[in-house]
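So the chains spell out like this:
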Amino acid sequence: MIEIKHLHKSFGKLEVLKDITETIAANEVVCVIGPSGSGKSTFLRCINLLEEPTSGDIIIDGVKINDPSLDINKIRERLGMVFQSFNLFPHKTTLENITMAPIEVKKIPKEEAERAGMELLRRVGLEDKAGVYPRALSGGQKQRVAIARALAMQPTIMLFDEPTSALDPEMVGEVLQVMRDLAHGGMTMVIVTHEMGFAREVADRVLFMDGGVIVEQGTPREIFENPRNERTQSFLSKVL
Amino acid sequence: MENLMLLFPKLVEGALTTLEVTVVALFFGVLIGLMTSLGKMSRFFVPRLIANVYIEIIRGTPILVQALFFYFGIPVVVRTIVSLITGDPSFRFTIDPIFAGMVVCSFNSGAYVAEIFRAGIQSVDKGQMEAARSLGMPHKLAMRKIILPQAVKTILPSLGNEFVVLIKETSILSVIGVSEITKVGQLHTAVTYTPFSTYLGVACVYMILTFTMSRLVGVLERRLAVSD
């Protein structure tokens, strides 16, 4: 469970997040939508402290994680993150990308990590690409490897930062399918996305952000079919 | 021809000394350079300050002066201090010229290598560090396993260039009496009065060394390019 309490984040004088309080339950799939510059990516990045909150608390399973005395690396092991630009390690093969953190951080024996890595590659449909360098993969394949890499640390929560925004349209489907499988498997997921169809289908709850605040939230049905806030209405009328 | 027969064995000996100094300076230069670049990018003030002062001093003064200062200047300071402490004015202290040459070249090269490393590290997409950190890797581990291997790949051409410069700059050490190639040539021609053939020979030996070095770096570049 993720509890976010009075989260503020400023970059210099620019206040990007303004007092956000939100709870995300275990096994819940939450999609965050909103115009660009609304703070949704910053919100997501605050959850695993890639951005340090200016003030406020992030509490994961009862532990306040933005506590300087805490080993943030231990907490990040439980929070998988998938980036818009994939960020695969270009000097490592597909399988090495996946096994690196388990071997180096969790000290799992190489053979065991490779076995688990191959299993993950099978799950995302890329077992034949194990020995290939990222450069030789398509965007959709890269993102599927990136998801497998995050899953290799056996996180309990997965964060997705616009995972399909950098993809050619014909590759969006394969990535969304992997995410759909994850959601159905009971993973807690927070997804910043522009894929409204996917949000409507998979999300338990949709948060609409604008101007650094969560303007409106509800079930996909409530948000997409019956938005109450005028800003939500105006945003959805442009993207749907 | 006769001159060259006489010169050749001396040049080989000189080349070995040049090589010895170069290899040591190359190793420590890279080590010092890497540490300095990390210091310069540190979030703490003191490492940044030390790195900046070091780089500015080395880059702002000629290596010739650095060599003279270290070889002739430092022993005077040591002598003075030790004499003051022990009260024995007859205390003698000198630095072995080859050792001095290694120290000067290592620290000189380190300052330039530091800037090369910094450029390389900063050229790696910051998403790489974020991805590594998001997987629970500590900063140091991410630096070592993710950032540096990619940085080294991009900086290899400039690093190779620095190594070639280093080989040539060891010729400066002739002024502090290191019998490297240039010094050997000077001594030889002072006796034989054959500056043309002697310095031609000297130049050829440098060519052989620098050419071999750039080939070696080229091989390394190709081997690191497998992931492209």
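Up top is the structure.
S.K.: Where do I start with a nonpolar patch on the surface in this structure?
M.R.: Residues and elements named next belong to chain B. A cluster of nonpolar side chains, F45, V46, L49, I50, V53 and I57, forms an exposed patch at the surface whose accessible area comes to about 590 Å². Of note, V53 is situated in helix α2 (residues 45-60). With a relative accessible area of 42%, V53 lands in the partly exposed category.

S.K.: Just checking my understanding: could you explain the sheet that holds strand β2 (residues 14-24) of chain A for this structure?
M.R.: Strands in a sheet are paired, the pairing made by backbone hydrogen bonds, and the direction either parallel or antiparallel. Residues and elements named next belong to chain A. One open sheet accounts for 4 strands, arranged β2-β1-β4-β5; its pairing is antiparallel. Each edge of the sheet is formed by a strand with only one pairing partner; in this case those strands are β2 and β5 (63-64). Pairing of strand β4 (residues 55-60) with β5, which is carried by 2 bridges, proceeds in the antiparallel orientation. If you follow I59 over to β5, its bridge partner there is K64.

S.K.: Is there a simple way to explain unusual backbone geometry in this structure?
M.R.: Backbone phi values are negative for most residues with the exception of glycine, while trans is the configuration of most peptide bonds. For Q154 of chain A, which is not glycine, the phi torsion reads 50 degrees and is therefore positive. With respect to the helices, strands and loops of the structure, Q154 of chain A is situated in the loop between α5 (139-151) and β7 (157-161). Even without a glycine there, the phi angle at Y193 of chain B is positive, about 55 degrees. Structurally, Y193 of chain B is set in the loop between α7 (181-192) and α8 (195-224).

S.K.: I keep staring at the nonpolar core and nothing clicks. Help me out?
M.R.: Note that soluble globular proteins tend to have their nonpolar side chains buried in a common cluster. Among the nonpolar cores identified, the biggest contains 83 residues, and F43 and I47 of chain A together with M137 of chain B are the most heavily contacted of them. Ranked by residues supplied to this core, first place goes to helix α6 (residues 139-169) of chain B with 14 residues. Those residues in contact with M137 of chain B, other than ones at most four positions away along the chain, are N73, F89, M100, A101 and V105 of chain A together with A132, A142 and I146 of chain B. In terms of nonpolar packing, the next biggest core, distinct from the first, is built from 47 residues, C31, L126, M179 and V215 of chain A among them.

S.K.: Before we go on, may I ask you to explain the pattern of salt bridges in this structure?
M.R.: Oppositely charged side chains may form a pair once their charged atoms are brought near each other. Residues and elements named next belong to chain A. Applying the stated rule across the entire model yields 19 salt bridges over all chains. E201 is the partner of R180 in a salt bridge, and the nearest nitrogen-oxygen pair spans 2.4 Å. Placement of R180 in helix α6 (residues 169-184) and of E201 in helix α7 (residues 196-202) is noted, with a sequence separation of 21 residues between them. With a relative accessible area of 17%, R180 lands in the buried category.

S.K.: Mind showing me how you'd approach α6 of chain A here?
M.R.: An α-helix turns once every 3.6 residues. As a result, residues three or four positions apart point the same way. Residues and elements named next belong to chain A. Look at α6: 23 Å from first C-alpha to last across 16 residues, which is about the 22 Å you get at 1.5 Å a residue. M171, V172, V175, L176, V178, M179, R180, L182 and A183 are the residues of α6 that are buried. Among the structural elements, β3 (29-33), α4 (110-123), α5, β7, β8 (188-192) and α7 are those in contact with the buried residues of α6. Downstream of α6 by one or two residues, G186 has phi in the positive range, about 95 degrees.

The rules behind these values
Residues numbered from 1 in each chain as written. Chains lettered and ligands numbered in written order. Predicted model: local features only at pLDDT ≥ 70, side-chain atom pairs only at ≥ 80, totals over all residues. Heavy atoms only, no water. Patch = residues over 30% accessible without salt bridge, like charges linked within 9 Å, V, L, I, M, F, W, Y side chains within 5 Å. Areas by Shrake-Rupley, 256 points an atom, 1.4 Å probe, with all protein chains shown as cover. Salt bridge = Lys/Arg side-chain N within 4 Å of Asp/Glu carboxyl O. Helix = DSSP H or I, 4+ residues; strand = E, 2+ residues; numbered from the N terminus. Buried < 20%, exposed > 50% of the residue type's maximum accessible area, 1.4 Å probe, protein only. Pairing = 2+ DSSP bridges. Core = buried A, V, L, I, M, F, W, Y, C linked by side-chain atoms within 4.5 Å. Contact = heavy atoms within 4.5 Å. Expected span 1.5 Å × (residues − 1).

Note that every value here comes from positions in space, so none of it alone points to a role or purpose.
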